[in-house]
Structures are given as structure tokens and as C-alpha cells.
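# Understanding the architecture of this molecule
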Amino acid sequence: MRFVKGHGTENDFVILPDPDGALDLGPAAVAALCDRRAGIGGDGVLRVVRTKLCPEVADQASMAEWFMDYRNADGSVAEMCGNGVRVFARYLVASGLAAPGEFGVATRGGVKRVRLASEGDVTVDMGRPRVLGASRTTVNGREYHGLNVNMGNPHLACLIDDPVAGLDLTAQPGFDREVYPDGVNIELINPVADHAVSMRVHERGSGETRSCGTGAVATAVAAAHAAGRSTGTWAVHVLGGTVTVTLDEETSYLAGPAVLVASGDWPAVLDG
Ligand SMILES: N[C@@H](CCC[C@H](N)C(=O)O)C(=O)O
């Protein structure tokens, strides 16, 4: 199996080209690939497969040739991955499967339009965030309150007073299972300037990651909400860099770097 490794602000992925849908990718194989000591290592897997070959998204085939089949590091399936779709687009262009410019990518959360040149930032139209009320989390015994934001996948975005730099997100934070029956991605946020925030994230299925694109949009939504706004552009500083989120009346945009760093075979095929 060929693989390519890439990341968006250090939210890192193993990309598996599978144009004809030949791979049988179970949770155990995904977890083995993502293992940082015994595998390649990653926060998730992006399988690259023709949309029309996948019954779960075949209705998107007329709008998007390629389906981003996203899996978390523990092998679970998620609806969307904002950094993943940007890295996926970078891979499509770099491998000649798509031309630079603007095109659609099929995801379990619907078609996402991406915009990129051969180099530079990748921007994705993330759709309209759905704000579903308030909820709370417990991190190392401290309770934090935040906004339930759905980006196709579930988020709890909490503005907090403690500096995010000092948080320990090693353990699974507590959350309300009635609000989030399928689990949740949890963002903890400090405003650092006007329209700029620092964010740490604990992702469903992957643990703490160094960035999360859907989480960055949820973060901007929570920051805007706290400021009594619904539109504007926010810089979201994460452990792996900075992404930019723009909210307008209709939709949201996520922009930032997306790079490919290596390729190889799994399991290793060695000469000699
Ligand atoms: N890192 C991603 C989100 C990946 C999916 C998430 N862990 C979930 O289970 O919903 C992003 O950049 O959005």
C-alpha cells in the first residue's frame, strides 16, 4: 500500500491513495498506521477514493470526483475534518488528480469547496456552523462552559480564563453524553487580541492534537458569540501554527498551510 504523509498546522494525516476503492480499511489497520511508535503516525487517515464508488456519498459524485474517507487515529469514522480536507486537496493537486484552482471534495459532511494554487495556503468553504446551545466539560477536575457548535462533526468550544498554555489535555475530558451521544471534540480558548485567540483541542478519536480545522471554526464562532458578533475574521493560534477563519452571514471559511512531507510503502518494501 502506497502512502503519503501530510499535515495542516501539524494536524497530521496518513494519505492512502485508493482510486478504485480496492482497500479494505478496518479500524485495526487505521490504528496501526496512526501509531506513532509502531506505525507511520498520524492524527487520522485520509483515504482517497472516487466518490462514485462509495455508496455512502455517491449522491455527491456529480459535484466532487474524489471522496475524503476520513478516519480518526483510533479507527473511528468522522463526518468531517477541516485540516484533512485542505491536506487532501493539496494531495490531489500535487499528484495530478485535480488542477489548481477551485473544486469540490466529497465528505460525510457534504461537498466542501476548496481553493488552492500549486503552493501557498489552502482555503475551504466549511459551510454554515450550527450553534446548538450551551454545554460543559470537565478537564482535570475543572468545569468549563461553552457553546455546542456542529460543523458536520460535534464540537464544544469553551472560552476560559485559565491560560490554555498550562492545560493538561492528556486525559479524556468529561462531557454530557445526552448532548453528545457520539462523542465530541473539545476546544479550550483564550482571547489574545481583537479577533485573535489561542486554542487547544482534545479531539474525539485522536486525543489532543496540535490543530483542528473544524475546531478552529467552532472556536471563531464561540469568540464571535462572546463578542456579540456573527461575522468577521479570526486568527486562531494552535500548537502547530495559525489558521484563519472567516465567518459571514452564509458560511465559514478556513485557510492555512497544508503540506505533504513524505511518501512510502506500508508495510515497508526494502531493496536488497
Ligand atoms: N482534525 C480534524 C477533525 C477530525 C475529526 C474529529 N476528530 C471528529 O471525530 O469529529 C479537523 O481538522 O477538523
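Please read all numbers here as calculations on a predicted model, not as lab measurements. (Residues numbered from 1 in each chain as written. Predicted model: local features only at pLDDT ≥ 70, side-chain atom pairs only at ≥ 80, totals over all residues.)

### Examining the UniProt feature "binding site: substrate" (unreviewed entry) in the protein
In the numbering used here, UniProt assigns the feature "binding site: substrate" (unreviewed entry) to N11, N72, G82, N83, N153, N185, E203, R204, G213 and T214. Tracing the chain through its elements places N72 in strand β4 (residues 66–72). Assessed through the 25 C-beta atoms surrounding it within 10 Å, N72 is described here as buried. What N72 contacts, discounting residues up to four positions off in sequence, is G44, A78, R204, G205 and S206. If near-sequence neighbours (up to four positions away) are discounted, T214 is found in contact with M80, C81, G82, M151, G152, N153, H155 and N185. (UniProt positions renumbered as here; feature names shortened; annotations may be inferred. Helix = DSSP H or I, 4+ residues; strand = E, 2+ residues; numbered from the N terminus. Buried ≥ 20, exposed ≤ 12 C-beta atoms within 10 Å, placed from the backbone. Contact = placed C-beta atoms within 7 Å.)

### Some words on the domain arrangement of the protein
Looking at the assigned domains, one finds that the protein contains domain 1 (2–125 + 257–265) and domain 2 (130–250). Domain 1 and domain 2 are separated by 23 Å when their C-alpha centres are compared. On the domain 2 side, the residues contacting the 20 residues of domain 1 number 19 residues. If you tally residues by element for the side of domain 1 that touches domain 2, the top one is helix α2 (residues 82–94), at three residues. For the side of domain 1 that touches domain 2, the residue count by class is five nonpolar, 10 polar and five charged. (Domains from an automatic or database assignment. Nonpolar A, V, L, I, M, F, W, Y, C, P; charged D, E, K, R; others polar.)

### Quick word on the environment of G215
Along the chain, G215 turns up in helix α3 (residues 213–226). Residue G215 is classed as buried on the basis of its C-beta count, with 31 C-beta atoms lying within 10 Å. Spatially, the C-alpha atom of G215 lies 14 Å from that of G183, the residues being 32 residues apart in sequence. Not counting residues within four places of it along the chain, the set of residues in contact with G215 comprises H155, N185, E187, M199 and V201.

### A look at the sheet that holds strand β18 (residues 259–265)
The pairing of strands in a sheet comes from backbone hydrogen bonds and takes either a parallel or an antiparallel form. In spatial order, the strands read β4-β3-β2-β1-β18; together these five strands make up an open sheet with mixed pairing. Every other strand in the sheet has two partners, leaving β4 and β18 as the edge strands with one partner each. Across the sheet, the axes of successive neighbouring strands diverge by a mean angle of 25 degrees, strand direction being ignored. In terms of strand pairing, strand β3 (residues 44–50) meets β4 through seven bridges, oriented antiparallel. Considered in β4, the bridge of V45 is made with R71. The sheet strands contacting helix α1 (residues 27–34) are β2 (11–17), β3 and β4, and the helix crosses β3 at an angle near 120 degrees. (Pairing = 2+ DSSP bridges. Axes fitted to C-alpha atoms, helices over the stretch in contact; angles between N-to-C directions.)

### A short note on α1
The complete set of buried residues in α1 reads V30, L33 and C34. Burial along α1 is one-sided: seen end-on, the buried residues are contained in an arc of 90 degrees. (Arc of directions from axis to C-beta.)

### Some words on the site of the ligand
Neighbouring the ligand are 19 residues, the closest being A78, N83, N153, G213 and T214. When contributions to the shell around the ligand are tallied by element, the ones reaching two or more residues are α2 and α3. In terms of residue class, the shell around the ligand is made up of three nonpolar, 14 polar and two charged. In terms of domain composition, the shell around the ligand takes at least three residues from each of domain 1 (2–125 + 257–265) and domain 2 (130–250). (Near = placed C-beta within 6 Å.)

### Quick look at the packing of α2 against α3
It is the contact of α2 with α3, at a shortest axis distance of 4 Å, that shows an interaxial angle of 130 degrees. By the angle class used here, α2 and α3 are oblique. Between α2, through G82, N83 and R86, and α3, the contact on the second element is made entirely by G213, T214, A216 and V217. Class assignment for the residues of the contact of α2 with α3 results in two nonpolar, four polar and one charged. (Parallel < 35°, antiparallel > 145°, perpendicular 65-115°, else oblique.)

### Regarding the nonpolar core
In terms of nonpolar packing, the biggest core is built from 75 residues, with F88, A89, V105, I189, A220 and V221 touching the most fellow members. Broken down by element, the residue count for this core peaks at eight residues, all from α3. The residue makeup of this core includes at least three contributed by each of domain 1 (2–125 + 257–265) and domain 2 (130–250). For I189, the contacting residues outside a window of four places in its chain are A157, C158, L159, I160, V164, V197, M199, T219, A222 and A223. (Core = buried A, V, L, I, M, F, W, Y, C linked by C-beta atoms within 7 Å.)

### What about the UniProt feature "active site" (unreviewed entry) in the protein?
According to UniProt, the "active site" (unreviewed entry) feature falls on C81 and C212. Maximum C-alpha separation among the annotated residues is 7.6 Å over a sequence range of 132 residues, consistent with a single clustered spot. Tracing the sequence through the fold places C81 in the loop between β4 and α2. Residues contacting C81, with those up to four places away along its chain left out, are G44, Y70, G213 and T214. Tracing the chain through its elements places C212 in the loop between β14 (207–209) and α3. With 36 C-beta atoms counted inside 10 Å, the residue C212 sits in the buried group.

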